[in-house]
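Understanding the architecture of this molecule
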Amino acid sequence: HYFIQSNLRIQYYSCQLVDMSVDLGWTCLVTGANRGLGYEFVRQCVVATQASGGSAFYICCCRNPVQATQLHQLIEETQNEKIQFVVMKLEVTSASDRAAVVEYCNKKLAGVGLNMLVNNAGIMPHYCSEGLETVTGKELHRTYANNFIGPTLLTKGLMDLIRVAAARNPNKTKIVSMSSKSGSIGHQRFMIGGAYDYRCSKVAINRTARNLAAEFGGEGVIALPICPGWAATDMGNRGH
């Protein structure tokens with residue numbers, strides 16, 4: 001079985017029963033796992049797990065688990081005694097949602113740790129052609145809350161588990177943050193204006209990754225921002 005946790009209510013969805021006492025193996029938490037890059041990250045990791053013959057436990061977080069049809073289908077098709085999932089409600093800006101996810105992880109992953117955290121969930125409210133005249137305080141706050149503040153506080157809450165995993169398997173434990181070249185200060189292609197809220201939030205994510213690497217790299221934690229390019233997702237439209 002796998003379940004969706006939503007605050008105090010737990011909804012169970014039937015699929016292949018598994019022995020939850022088995023070794024969890026590689027542990028991974030992905031935000032925004034219901035679609036786009038988050039879903040594809042989970043899918044490709046599952047394929048790699050199947051190919052290796054190893055075991056893994058995926059904590060898939062999204063705003064509305066009930067509507068995560070594509071993710072549920074993947075789980076139905078791939079879950080077995082070695083590959084296990086839990087789907088949890090997470091609005092990354094919600095302190096109560098973050099606390100619920102951290103509480104569950106602390107109980108489930110005690111002594112095992114979290115091998116990979118993928119901070120994928122985010123928003124892009126303005127297209128890059130829009131300039132300073134479009135900037136509003138409301139949109140700046142909303143974008144920073146989704147793209148920087150929420151992911152940073154989630155990382156903080158899960159850091160003890162990440163350090164446990166790093167102690168058991170140094171330099172293979174990762175904090176991955178979804179960034180963008182549009183947040184680059186030095187990249188020549190992006191020496192244009194616009195999209196203040198989105199681009200500046202990605203600058204903050206990049207600096208946070210650098211800080212995490214400096215603070216926890218000596219313990220075997222790898223922290224890195226990644227740019228997926230212009231992808232064919234709901235956010236990226238047609239992709240490139």
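Notes on the structure follow. Everything quoted here is computed from the prediction, not taken from an experiment. (Residues numbered from 1 in each chain as written. Predicted model: local features only at pLDDT ≥ 70, side-chain atom pairs only at ≥ 80, totals over all residues. Heavy atoms only, no water.)

1. Focus on the pairing of strand β4 (residues 56-62)
Note on strand geometry: in a regular strand, side chains alternate between the two faces of the sheet. Spelled out, the test is: Between buried and exposed lies partly exposed: a residue is buried under 20% and exposed over 50% of the maximum accessible area for its type, with that area taken using a 1.4 Å probe on protein chains only. Elements are defined by DSSP. Helices are runs of H or I of four residues or more, strands are runs of E of two residues or more, and each kind is numbered from the N terminus. Should DSSP find at least two bridges between two strands, the strands are regarded as paired.
Most of β4 sits out of view: seven of its seven residues are buried. Along β4, one buried face is formed by A56, Y58, C60 and C62 and the opposite face, lined by F57, I59 and C61, is buried too. For strand β3 (residues 26-31) and β4, the ladder comprises six bridges, and the chain directions are parallel. Directly across from T27, in β4, lies its bridge partner F57. Across seven bridges, the pairing between β4 and strand β5 (residues 83-89) is parallel. Within β5, the position partnered with A56 by the bridge is I83.

2. Looking at the environment of V112
Inclusion rule: Contact between two residues is taken to exist if any of their heavy atoms lie within 4.5 Å; hydrogens are not considered.
Structurally, the position occupied by V112 is in the loop between α3 (95-108) and β6 (116-119). Sequence spacing of V112 and R168 is 56 residues, and the spatial spacing of their C-alpha atoms is 8.2 Å. Sequence-distant contacts of V112, that is, excluding residues within four places in its chain, are made with G25, T27, V164, A165 and R168.

3. Some remarks on helix α4 (residues 137-168)
Under the convention used in this document: Any helix carries an expected span of 1.5 Å times its number of residues minus one. A residue's bend is simply the angle between two axes: one fitted to the seven residues ending at it, one to the seven starting at it.
Spanning 32 residues, α4 covers 44 Å between terminal C-alpha atoms, matching the ideal 46 Å at 1.5 Å per step. Bending of α4 peaks at approximately 55° at the position of L158.

4. Looking at the environment of L153
As for its placement among the helices and strands, L153 is situated in helix α4. What makes L153 partly exposed here is its relative accessible area of 37%. Along the backbone, L153 and A99 are 54 residues apart, and their C-alpha atoms lie at a distance of 9.8 Å.

5. So, the pairing of β5
Threshold: Note on handedness: a clockwise path from strand one over the helix to strand two, with the strands aimed away from the viewer, defines a right-handed crossover.
Counting buried positions along β5 gives six out of seven residues, so the element sits mostly inside the fold. Note on the crossover from β4 through helix α2 (residues 69-78) to β5: the handedness is right-handed.

6. Quick notes on a nonpolar patch on the surface
Keep this limit in mind: Patch definition: residues above 30% relative accessible area lacking any salt bridge, with like charges linked at up to 9 Å and the nonpolar side chains Val, Leu, Ile, Met, Phe, Trp and Tyr linked at up to 5 Å. All accessibility values rest on the Shrake-Rupley procedure with a 1.4 Å probe; residue burial counts only the protein chains present in the view. A carboxyl oxygen of Asp or Glu within 4 Å of a side-chain nitrogen of Lys or Arg is what we treat as a salt bridge.
Together, L132, L140 and Y196 give the surface a local cluster of nonpolar side chains, amounting to about 260 Å² of exposed area. Within the secondary structure, L132 is located in the loop between β6 and α4.

7. Digging into the packing of helix α1 (residues 36-52) against α2
For the record, the criterion: Where helices are involved, their axes are fitted lines through C-alpha atoms of the stretch in contact, as for all axes, and angles between N-to-C directions lie from 0 to 180°. Angles below 35 degrees are treated as roughly parallel, those above 145 as roughly antiparallel, those between 65 and 115 as roughly perpendicular, and all remaining angles as oblique. Amino acid classes used here: Ala, Val, Leu, Ile, Met, Phe, Trp, Tyr, Cys and Pro are nonpolar; Asp, Glu, Lys and Arg are charged; the rest, including Gly, are polar.
At a closest axis distance of 11 Å, the pairing of α1 and α2 adopts a crossing angle of 10°. By the criterion of interaxial angle, the relationship of α1 to α2 is roughly parallel. Listed contacts from α2 to Y39, V42, R43, V46 and Q50 of α1 are Q70, L71, L74 and T78. The residue inventory of the contact of α1 with α2, partitioned by class, reads five nonpolar, three polar and one charged.

8. Focus: the nonpolar core
Put simply, the rule reads: We call a set of buried Ala, Val, Leu, Ile, Met, Phe, Trp, Tyr and Cys residues a nonpolar core when their side-chain atoms join them within 4.5 Å.
Among the nonpolar cores identified, the biggest contains 26 residues, and L29, I59, C105 and L158 are the most heavily contacted of them. It is α4 that contributes the most residues to this core, six residues altogether. Formed by 21 residues, the second largest nonpolar core is a distinct cluster that contains C28, V30, Y58 and V176.

9. A closer look at the packing of α3 against α4
For the record, the criterion: Here a crossing is called left-handed whenever its near helix is offset anticlockwise from the far helix by less than a right angle, and right-handed whenever the offset is clockwise.
The contact between α3 and α4 brings their axes to 10 Å, and the two run at 20°. With respect to α4, the element α3 is oriented roughly parallel. In the packing of α3 onto α4, the handedness of the crossing is right-handed. Seen from α3, the contacting residues are R98, V101, V102, C105 and N106; seen from α4, they are G150, L153, L154, G157, L158 and L161. The residue inventory of the contact of α3 with α4, partitioned by class, reads seven nonpolar, three polar and one charged.

10. Description of the side chain of Q79
Stated precisely, the cut-off is as follows: Nitrogen and oxygen atoms within 3.5 Å of one another constitute a polar contact, given that in protein one can donate a hydrogen and the other can accept it, and given that sequence-neighbouring residues count only through two side-chain atoms.
Examined against the element boundaries, Q79 turns out to sit in the loop between α2 and β5. Reaching out from Q79, the side chain makes a polar contact with the backbone nitrogen of F85 at a distance of 3.0 Å.

11. Comments concerning the pattern of salt bridges
Opposite charge on two side chains permits them to pair, given that their charged atoms come into close proximity. Scanning all chains against the criterion turns up six salt bridges. In this structure, K89 and D97 form a salt bridge, with 2.7 Å as the shortest nitrogen-oxygen distance. K89 sits in the partly exposed class, given a relative accessible area of 24%. A salt bridge links E219 to R163; the nearest nitrogen and oxygen atoms lie 2.8 Å apart. Here R163 lies in helix α4 and E219 lies in the loop between α5 (196-216) and β8 (221-226), a separation of 56 residues in the sequence.

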